[in-house]
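# Coordinates in review
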Amino acid sequence: MDNDRVRAGVVDEFVLNRFRVVDTPAGAIGVVRTTDGFYAVLNRCPHMGAPVCVGTDLTTSTVASRPFEYRLAHEDRVVRCPWHRWEFRVDTGESIGNTTKARLLRFPVIVEGAEVFVQYRAARGAAARVKETPQ
Amino acid sequence: MSEALIDCEYHVAAPDLQLLLPYMEKSWAARFVRSRFSLPLGREHPGGGSLTEGSSLPDPATAGAALAAGTRAALLVPHQVMPVAGWTDTLLCSVYATALNRYVREHWIPADRRFRMAIAISPHEPELAADEIDRYGEDVSAAAIVMPLLATHLGQTHYRPIFKAAARHRLPVIVHPSGREGTIVGTPVLSGMGPRHAGEYHSLIWQAAVTNIASLVYDGVFIDLPDLRVVFAGFGFEWLPGVLWHLDMEWRSLRIDIPWVTDPPSVYVARHIRIVIDDLGLTPPEASRQIANMLAEGLLMWGSNSPFATNSAAEVLDAMPEKLRAKVAFGNAAETFGSRLLTEALA
Ligand code: FES
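On a predicted model such as this, the values are computed, not experimentally measured, just so you know. (Residues numbered from 1 in each chain as written. Chains lettered and ligands numbered in written order. Predicted model: local features only at pLDDT ≥ 70, side-chain atom pairs only at ≥ 80, totals over all residues. Heavy atoms only, no water.)

In the segment running from Ser 306 of chain B into Pro 307 of chain B, the intervening peptide bond is cis, with an omega of 5°. Along the chain, Pro 307 of chain B falls in the loop between β8 (300-302) and α12 (313-318). In this model, Arg 85 of chain A sits at a positive phi of 65°, which is unusual for a non-glycine residue. Given the relative accessible area of 35%, Arg 85 of chain A is considered partly exposed. Here Arg 170 of chain B, not a glycine, exhibits a phi torsion of approximately 55°, which is positive. Here Arg 170 of chain B lies in the loop between α5 (160-168) and β5 (173-175). Note on Arg 170 of chain B: relative accessible area 56%, which makes it exposed. (Helix = DSSP H or I, 4+ residues; strand = E, 2+ residues; numbered from the N terminus. Buried < 20%, exposed > 50% of the residue type's maximum accessible area, 1.4 Å probe, protein only.)

In structure tokens form, the structure reads like this:
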């Protein structure tokens, strides 16, 4: 094991859009394969710390529309927290619909041949616990 | 000089059915007489429980002099329209509301240049209500619309003709308790069964406001009609901060189901909803101050609830944070009801 990366598995072991959670010195990190590559996020919701990667597979959400005209969007890029169902983009870490400024903490994934690694020292984004109050 | 006030809730009533009959088609007037229509008591506040012996029926000739010192404008709320919420002859309700408005327009508006009408409508027949609003659309003596609530929530399409007419003429819609909530099928449900006692009713009536505020925001009414304002009068205000926190929290969790709601619900409430404080109930002044401090600055507006007032203007305003006092007394109502409220030139 390199001192800044942890092996997450072999490419073929990854079911599309389903996280594998690996323990690292930076905490548990969920690694996921999508149709446009691998992503990794801290398995800890910025809201209240839920294991955000173990709720559902990456899923799809909705975007702003006229009332009662549902438009699906963010197809298979949404991390939906199992506790209070806040939603984040897996690739940017940002909240869907801007419901919070909090983001998922993201990590680079390196694929070498068939091997998948996560670089746990290179976190991007802020995972601070947030408090939201009415305006 | 007294502090400037806008009275957002000044109740007026017709003391006798005879005063309304000239404002109906003859055939309808005959029907009101034939069926021994009993005019709702003007000296009873909707849902007031026992009659208040002390409250006398307001009279247009003396009411102007009875306005609180400093009053620059008073919105006349014909509370006799409220009981229509529990009536079943929905066409009769509309004829009745129209007659009330014509009575107020002819008997009250000329009596004091500070009087402005809240156009009374029956929500049962929304298209007829929209026609009634259109009738006063260009009349500067009308500055608002007022109606009671039905069991159907305000976000549902039933009310859209009313809200479209209101937005078209930039007239805020005031909703006010009917006294029938929780007691008659077709009116808003209050928790559990119908309240047996007036005290229970008064303690529960805020629920009808919460249900309808949530419905207006979640059903996207203000996205369809960005000029619409809805004013809740007579429901209290002390419950609002907790409701807003909860609505915002639920939005963060379930925005996926209401994607048209692109801001936290509390933002829509601050933009589009107003609350008239007509008394403090039993909320201690210090608590009222703290609660008002948790709300958007433009939200609260004073109304006297005359002639059923339990607190003076000074008592209510003294219980507001200093920075909000002038807004609650005057500024927020001026902003909400707009230029018609303060214009001098009235026919
Ligand atoms: S902990 Fe994830 S949404 Fe609350």
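Read on for the rest.
All names here are of chain A. Along the chain, the position of Cys 53 falls in the loop between β4 (37-42) and β5 (59-63). Looking at Cys 53, the relative accessible area reads 5%, which means it is buried. C-alpha separation for the pair Cys 53 and Ala 122, spaced 69 residues apart in sequence, amounts to 19 Å. Ignoring sequence-local partners within four residues, the contact set of Cys 53 consists of Phe 19, Val 21, Gly 30, Val 41, Leu 42 and Asn 43. (Contact = heavy atoms within 4.5 Å.)

Our focus in this paragraph is the interface of chain B and chain A. Contact with chain B, which involves 20 residues of that partner, is made by 23 residues of chain A. Carbon and sulfur atoms make up 56% of the area that chain B and chain A hide from each other, which totals about 1900 Å². It is Arg 252, Arg 255 and Trp 260 of chain B that lose the most area in chain B upon contact with chain A, and together they represent 37% of the buried surface on that side. Where chain B packs against chain A, one counts two salt bridges. The shortest N-O distance in the salt bridge between Arg 255 of chain B and Glu 87 of chain A comes to 3.6 Å. Between the two partners, chain B and chain A, sit seven residue pairs in polar contact (both at pLDDT 80 or more). It is helix α9 (residues 240-254) of chain B that provides the largest number of residues to the side of chain B that touches chain A, a total of seven residues. (Buried area = accessible area lost by both parts, 1.4 Å probe. Salt bridge = Lys/Arg side-chain N within 4 Å of Asp/Glu carboxyl O. Polar contact = N/O pair within 3.5 Å; in protein donor to acceptor, adjacent residues only side chain to side chain.)

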